[in-house]
Amino acid sequence: MNKRGGIGDILLDNVIYLVLLGIFIASITPFVLGQMNGGDVWADYYAKEIAKVIDFSKPGDKICLDVHKASEIAKNNNIRSFSEIFKIDNVKNEICVKLSSGRATCFDFFNDVDVINAGIELGFGKDGKNIFCFEINEASK
Amino acid sequence: MNRKGAIGEHISVFAFLLLLILVGVGIVGGVYIFYQSGYDARMADASLLGARARECIEEKGIETLDNFFEKCRLNKEKMEGINIIKICVDSKDCVSDNTGFFFGSNFESCFLAGGEGNKGYSRCYLERFEIGGKRVDIIAGSKRVSRRVLG
């Protein structure tokens, strides 16, 4: 019976298992934590709510919405710039909200208007909250 | 050199890897299902469309139905295949009455109880009001959902 290297083999086996487990935990943790802060859920919520507001607005309206929660989530998810969070495409009539890096949630609006001067204003809302403001114009296309 | 059991040891590493992959797929799948369903905005979309149509008719009159989308500032392309709308004037059964203005089809499915949780079906909103002594029924429906894009 050859017992040479027995301890070394056991140690090596365990090291391999531990390394694999470490890689597994390291790769799964960011995904789970990313989902736990609700980036995609909130992106879906904001896209739908803003589309609803646009659908019921008229040319000449100026609208400001409290988006403090969205800006906090985006910051936690390493979105580089607040200008990346909300994007409104007047040609496609859609709003896209990006609160997680690498993906955005888009929702269409049926109101045939153009959304102009859209942007986040930091600290301009009630109690210093961040707000997203935009104006509604007649459709130019 | 003792080679006994060498293959067996490698197999156990692969088994462990397979186990990790299975656990990973389970966690990712579970988290995905739990967090990704979003909330159902079909009813809100339908009621908004109905309210917009009512407001437009009250403001511009029933004659607006001749050129409904332009006069009411609605984007027909964005509504195609997603929204349905039917406007009946003095009709006894607006759902089956196809004599008035309508856009889209399958209005019968609007009020199927089984369709409520199915995102393939429209959720519908019924708006009823009177204008100039005429009763107007508006059935507006939507099956609009959000979509995820890379970027």
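Computed from a predicted model, the values in this text were never measured in an experiment.

Let us look at a nonpolar patch on the surface. Residue and element names in this part refer to chain A. Taken together, the side chains of L11, V15, V19 and I23 present a nonpolar region at the surface, about 370 Å² in accessible area. For I23, the location among the structural elements is in helix α1 (residues 6-36). Residue I23 is classed as exposed on the basis of its relative accessible area, which comes to 54%.

Residue and element names in this part refer to chain A. Listed in full, the buried residues belonging to helix α3 (residues 68-76) are A70, S71, I73 and A74. Viewed along the axis of α3, the buried residues span an arc of 165 degrees, placing them on a single side of the element. Of the exposed residues in α3, those oriented more than 90 degrees away from the buried face are K75 and N76. Buried-residue contacts for α3 involve α2 (39-55), β2 (86-89) and β3 (94-100). Of the residues flanking the end of α3, it is N78, one or two places downstream, whose phi is positive at about 60 degrees.

Before going further, it helps to spend a moment on the sheet that holds strand β1 (residues 83-89) of chain B. Residues and elements named next belong to chain B. Strand order in the open sheet formed by four strands is β2-β1-β4-β3, and the pairing between neighbours is antiparallel. The sheet terminates laterally at β2 (101-103) and β3 (123-131), the two strands that pair on one side only. Averaged over all neighbouring strand pairs, the angle between strand axes comes to 10 degrees, with direction disregarded. For β3 and strand β4 (residues 134-142), the ladder comprises nine bridges, and the chain directions are antiparallel. From the neighbouring strand, R128 faces β4, where its bridge partner is D137. Sitting on the sheet, helix α2 (residues 42-60) touches β1, β3 and β4, and the angle it makes with β3 is about 20 degrees.

Turning to the pattern of salt bridges, a few remarks are in order. This structure, assessed with the given rule, holds 16 salt bridges over all chains. With a closest N to O distance of 2.2 Å, R147 of chain B and E94 of chain A form a salt bridge. Taken together, the residues span two chains, with R147 of chain B in strand β5 (residues 147-150) and E94 of chain A in strand β3. Assessed through its relative accessible area of 8%, E94 of chain A is described here as buried. A salt bridge links R54 of chain B to E58 of chain B; the shortest N-O distance between them is 3.1 Å. One end of the pair is R54 of chain B and the other is E58 of chain B, both in helix α2 and four residues apart, which spans about a single turn. Residue class for R54 of chain B comes out partly exposed when judged on its relative accessible area of 25%. Here the salt bridges share partners, and the residues they tie into one network are E94 and D108 of chain A together with D45, K78, R144 and R147 of chain B.

What counts and what doesn't
- Residues numbered from 1 in each chain as written.
- Chains lettered and ligands numbered in written order.
- Predicted model: local features only at pLDDT ≥ 70, side-chain atom pairs only at ≥ 80, totals over all residues.
- Heavy atoms only, no water.
- Patch = residues over 30% accessible without salt bridge, like charges linked within 9 Å, V, L, I, M, F, W, Y side chains within 5 Å.
- Areas by Shrake-Rupley, 256 points an atom, 1.4 Å probe, with all protein chains shown as cover.
- Salt bridge = Lys/Arg side-chain N within 4 Å of Asp/Glu carboxyl O.
- Helix = DSSP H or I, 4+ residues; strand = E, 2+ residues; numbered from the N terminus.
- Buried < 20%, exposed > 50% of the residue type's maximum accessible area, 1.4 Å probe, protein only.
- Arc of directions from axis to C-beta.
- Contact = heavy atoms within 4.5 Å.
- Pairing = 2+ DSSP bridges.
- Axes fitted to C-alpha atoms, helices over the stretch in contact; angles between N-to-C directions.

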